[in-house]
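Letter by letter, the chains look like this.
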Amino acid sequence: MKNENPFADAPVIFSYTRAQAIEDGVLVDLTTWAKETGFRIPVACTSTVWHGYIVPPEGTEELGQSERGRAHDVLWMLYNGIRGSKRTEREQLLFQVIFLQKSRKHEEVTLKAICGPGDGGEPVVTIMLPLMPSSP
């Protein structure tokens, strides 16, 4: 029995590319900084991760917090998480990063990285907040 796609000949109604998501600000491209950390493929994060954790909260910049430094922390923890994972676990990975969220208040945050196809089928990584199961 052949496993055929019933939508193979259907017209595309809507598509939204990764490039469009980056242009629109839905994703933030971290590729340049990621290459400095050791990544060989494009890396982006969601705007939620960017604005919630990578952009330093007000009052923390004078304590040495910067977008570049916080992004480096995320990329470094992800890089080490990938290197320490088993090959079969590398499509999706949960990893933790500690952020200074307020003056003298640290928060450990779990982030999720997914490796999937980019606009041309090439491997790309996207960093996001994991979906948390709803309480009963």
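Just so you know, these numbers come straight off a predicted model, no measurement behind them.

(A) Representation of the overall build of the chain in the model. A tally of helices and strands in the chain yields 4 helices and 5 strands. Shown N-terminal to C-terminal, the secondary structure of the chain runs as helices and strands in the order α-β-α-β-α-α-β-β-β. Looking at the chain residue by residue over its 136 residues, the buried ones come to 32%. By element, 53% of the accessible surface of the chain is carried by carbon and sulfur atoms, the whole surface being about 9,500 Å². In the chain, 14 side chains carry a positive charge and 17 a negative one; their mean positions are 9 Å apart.

(B) Representation of a nonpolar patch on the surface. A surface patch of nonpolar side chains, amounting to about 510 Å² of accessible area, comprises I13, F14, Y16 and V26. Relative accessible area serves as the criterion here: at 84%, I13 is assigned to the exposed category.

(C) Examining the nonpolar core more closely. L30 and I127 are the most contacted members of the largest nonpolar core, which totals 24 residues. Elements with a contribution of two residues or more to this core: β2 (43–46), α3 (47–54), α4 (67–84), β3 (92–102), β4 (105–117) and β5 (123–128). Ranked by residues supplied to this core, first place goes to α4 with 5 residues.

(D) Looking closely at the environment of Y79. With respect to the secondary-structure elements, Y79 resides in helix α4. Residues Y79 and A34 lie 45 residues apart in sequence; the distance between their C-alpha atoms is 9.0 Å. Ignoring sequence-local partners within four residues, the contact set of Y79 consists of T37, G38 and F39.

(E) Quick peek at α3. Among the residues of α3, those classed as buried are V49, W50, Y53 and I54. Looking straight down α3, one finds that the buried residues subtend no more than 110° of arc, so they occupy a single side.

(F) Focus on the packing of α3 against α4. Contact pair α3 / α4: the axes reach a minimum separation of 10 Å and the direction vectors enclose 115°. Crossing hand, α3 versus α4: right-handed. Seen from α3, the contacting residues are W50, Y53 and I54; seen from α4, they are E67, R70, A71 and V74. Looking at the contact of α3 with α4, its residues break down into 5 nonpolar, no polar and 2 charged.

(G) Here's a closer look at the environment of E58. Tracing the sequence through the fold places E58 in the loop between α3 and α4. As for E58 and S103, which are separated by 45 residues in sequence, their C-alpha atoms are 9.0 Å apart.

(H) Region of the structure containing α4. If you check α4, its first and last C-alpha atoms are 26 Å apart, about what 18 residues at 1.5 Å a residue would give, namely 26 Å. Along α4, the positions that sit buried rather than exposed are R70, A71, V74, L75, L78 and Y79. On its buried side, α4 packs onto α2 (31–37), β2, α3, β3, β4 and β5.

The rules we used
- Residues numbered from 1 in each chain as written.
- Predicted model: local features only at pLDDT ≥ 70, side-chain atom pairs only at ≥ 80, totals over all residues.
- Heavy atoms only, no water.
- Helix = DSSP H or I, 4+ residues; strand = E, 2+ residues; numbered from the N terminus.
- Buried < 20%, exposed > 50% of the residue type's maximum accessible area, 1.4 Å probe, protein only.
- Areas by Shrake-Rupley, 256 points an atom, 1.4 Å probe, with all protein chains shown as cover.
- Lys, Arg positive; Asp, Glu negative; His and termini not counted.
- Charge placed at Lys NZ, Arg CZ, Asp CG, Glu CD.
- Patch = residues over 30% accessible without salt bridge, like charges linked within 9 Å, V, L, I, M, F, W, Y side chains within 5 Å.
- Salt bridge = Lys/Arg side-chain N within 4 Å of Asp/Glu carboxyl O.
- Core = buried A, V, L, I, M, F, W, Y, C linked by side-chain atoms within 4.5 Å.
- Contact = heavy atoms within 4.5 Å.
- Arc of directions from axis to C-beta.
- Axes fitted to C-alpha atoms, helices over the stretch in contact; angles between N-to-C directions.
- Left-handed = near helix turned anticlockwise from the far one by under 90°.
- Nonpolar A, V, L, I, M, F, W, Y, C, P; charged D, E, K, R; others polar.
- Expected span 1.5 Å × (residues − 1).

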